[in-house]
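Here is what each chain is made of, one letter per residue.
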Amino acid sequence: MYNPKSKDLDREYFPSYHTTRFQDQPEPNMAVQEHFIGLTKQHERDLTEKQGISVDHLRYGGGRRLVDVFYNESTTNQAPLFVFVHGGYWQMLDKSTSCSIVGPLVRRGYRVAVMDYNLCPDVTLETLMKEFAGFINWIFDYAELTNVLEITFAGHSAGAHLLAQILQSQVGINPQRSKKVWALVLLCGVYDLRELYNLESVNPKNILGLTERNVQAVSPMLWEYTDVVIWNSTKIYVVAAEHDSTTFIEQSRRFAELLKKTGFRASFKLFPKYDHFDIIEETAIDESEVSRFLRNIRIE
Ligand SMILES: N[C@@H](CC(=O)c1ccccc1NC=O)C(=O)O
């Protein structure tokens, strides 16, 4: 139990119920989600239409396994690479809602990759995670081909969960590769799926394909990490938003503790004022708290 006081687990695992915005709307939770989708799609259009940013469309596999890489005329060959993985409970959203983070980072010299992945129920969560491991290896191949020396990965919500896999030895990252990873930023994620997979609201008709037997295999909080030393130059930030549920905040806090105890350079950070959605929306604003945090990682 991550929030022993709660009697409503559906609510604990529905981030939109915890926003303090849109309180004048009949259903603030619907409003916050609609706003998020509308605004993030606008951010995507602005990149090419208003900000002079270019994009390469690439593919790392079949179906929806697509990657967009953004840069502008000042981007150097040796630019650091920033990779963003979207959330949406493994069943919604795509790269058109993943581009808020791009503008401020491209303007500060990064090349930024956002990606799509096959969603549940087209694939089970176990299959999605295998495909995501394929993406991680693909992006390191891409980095090698393009002479990238430094990579930062960030994931939001379900995307943070997917990204945690990079630390698992089965994914097969070697020390040459892990040394390139400057930071791993896990924003508002879930790392233990045992409470969540039984909830019809989050996992309707079990579209994630989870059972009591395989839920441990998809829960980073329950894994054993054996390849810790290869990550000794990577900073890991496990971040939660103040207006996330107690369960979400506690999952992040405890995941950070677990990583620290295991020997990773991990820290927990609670971002005041933000909720699950504006923490991503505001990555589009050059001087927002979250943007400043993301770019300071490099100089910390
Ligand atoms: N239906 C969920 C939506 C949701 O969880 C979500 C939406 C956008 C981005 C991330 C999300 N959550 C985790 O991946 C809710 O209403 O909170």
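Residues numbered from 1 in each chain as written. Predicted model: local features only at pLDDT ≥ 70, side-chain atom pairs only at ≥ 80, totals over all residues. Heavy atoms only, no water.

### Observations regarding the environment of Ala-113
On the secondary structure map, Ala-113 appears in strand β4 (residues 111–115). Residue class for Ala-113 comes out buried when judged on its relative accessible area of 0%. In this structure the C-alpha to C-alpha distance between Ala-113 and Phe-84, which are 29 residues apart in sequence, comes to 6.3 Å. For Ala-113, the residues in contact, after removing those within four places along its chain, are Val-67, Asp-68, Val-69, Leu-81, Phe-82, Val-83, Phe-84 and Ile-139. (Helix = DSSP H or I, 4+ residues; strand = E, 2+ residues; numbered from the N terminus. Buried < 20%, exposed > 50% of the residue type's maximum accessible area, 1.4 Å probe, protein only. Contact = heavy atoms within 4.5 Å.)

### So, the sheet that holds strand β8 (residues 265–275)
Here eight strands make up an open sheet; going across it, the order is β1-β2-β4-β3-β5-β6-β7-β8 and the pairing mixed. The open sheet has two edge strands with one neighbour each: β1 (54–59) and β8. Ignoring which end each strand starts from, the neighbouring axes of this sheet average 20° apart. In terms of strand pairing, strand β3 (residues 81–85) meets strand β5 (residues 151–156) through five bridges, oriented parallel. Residue pairing in the sheet places Phe-82 in a bridge with Thr-152 of β5. The strands touched by helix α4 (residues 125–145) within the sheet are β1, β2 (66–71), β3, β4, β5 and β6 (181–187), with β3 carrying the most contacts at an inclination of about 165°. Strands in contact with helix α9 (residues 289–296) are β3, β6, β7 (235–243) and β8; relative to β8, the strand with the most contacts, it is inclined by about 160°. (Pairing = 2+ DSSP bridges. Axes fitted to C-alpha atoms, helices over the stretch in contact; angles between N-to-C directions.)

### Re the site of the ligand
Around the ligand lies a shell of 13 residues, among which Pro-15, Ser-16, Gly-88, Tyr-89 and Ser-157 are the nearest. Gly-88 places a main-chain nitrogen or oxygen 2.7 Å from an oxygen atom of the ligand. His-276 is positioned such that a nitrogen or oxygen atom in its side chain is 3.5 Å from a nitrogen atom of the ligand. For the shell around the ligand, the residue count by class is six nonpolar, seven polar and no charged. (Near = heavy atom within 4 Å. Polar contact = N/O pair within 3.5 Å; in protein donor to acceptor, adjacent residues only side chain to side chain. Nonpolar A, V, L, I, M, F, W, Y, C, P; charged D, E, K, R; others polar.)

### A short note on the environment of Lys-5
Looking at the element boundaries, Lys-5 is found in the segment before α1 (9–12). We classify Lys-5 as exposed; its relative accessible area is 75%. With 241 residues separating them in the primary sequence, Lys-5 and Thr-246 have C-alpha atoms 9.5 Å apart.

### Concerning the confidence of the model for the protein
Across the protein, the average pLDDT comes to 97, with 100% of residues at or above 70. The ipTM assigned to the predicted complex is 0.95, against a pTM of 0.98. (pLDDT = per-residue confidence, 0-100.)

### As for the side chain of Thr-40
On the secondary structure map, Thr-40 appears in helix α2 (residues 28–49). The exposure class assigned to Thr-40 is buried, which follows from its relative accessible area of 0%. When near neighbours in sequence (up to four residues on either side) are disregarded, Thr-40 contacts Ser-96, Thr-97 and Ser-100.

### Quick word on the UniProt feature "domain: BD-FAE-like" (unreviewed entry) in the protein
Within this numbering scheme, the UniProt entry marks residues 68–258 as carrying the feature "domain: BD-FAE-like" (unreviewed entry). Each end of residues 68–258 is marked by a C-alpha atom, and these two atoms are 33 Å apart; helix forms 26% of the span and strand 19%. (UniProt positions renumbered as here; feature names shortened; annotations may be inferred.)

### Overview of the packing of aromatic side chains
Going through the model one piece at a time under the given rule, you end up with 17 aromatic pairs. Seen from their ring centres, Tyr-225 and Phe-264 are 5.7 Å apart, and the 85° between their planes marks the pair as edge-to-face. Taken as a pair, Tyr-225 in the loop between β6 and β7 and Phe-264 in the loop between α7 (246–262) and β8 lie far apart in primary sequence, 39 residues in all. Phe-264 carries the same exposure label as Tyr-225, and that label is buried. Through a chain of ring-to-ring contacts, three or more aromatic side chains come together here, namely Tyr-60, Phe-132, Phe-135, Trp-138 and Tyr-142. (Phe/Tyr/Trp six-rings, centres within 6.5 Å; stacked < 30°, edge-to-face > 60°.)

### Describing the pattern of salt bridges
Counting across every chain of the model gives 17 salt bridges. The salt bridge partner of Glu-281 is Arg-21, with a shortest N-O separation of 3.2 Å. Taken as a pair, Glu-281 in helix α8 (residues 278–281) and Arg-21 in the loop between α1 and α2 lie far apart in primary sequence, 260 residues in all. For Glu-287, the salt bridge identified is with Arg-108, shortest N-O distance 3.9 Å. Taken as a pair, Glu-287 in the loop between α8 and α9 and Arg-108 in the loop between α3 (102–107) and β4 lie far apart in primary sequence, 179 residues in all. (Salt bridge = Lys/Arg side-chain N within 4 Å of Asp/Glu carboxyl O.)

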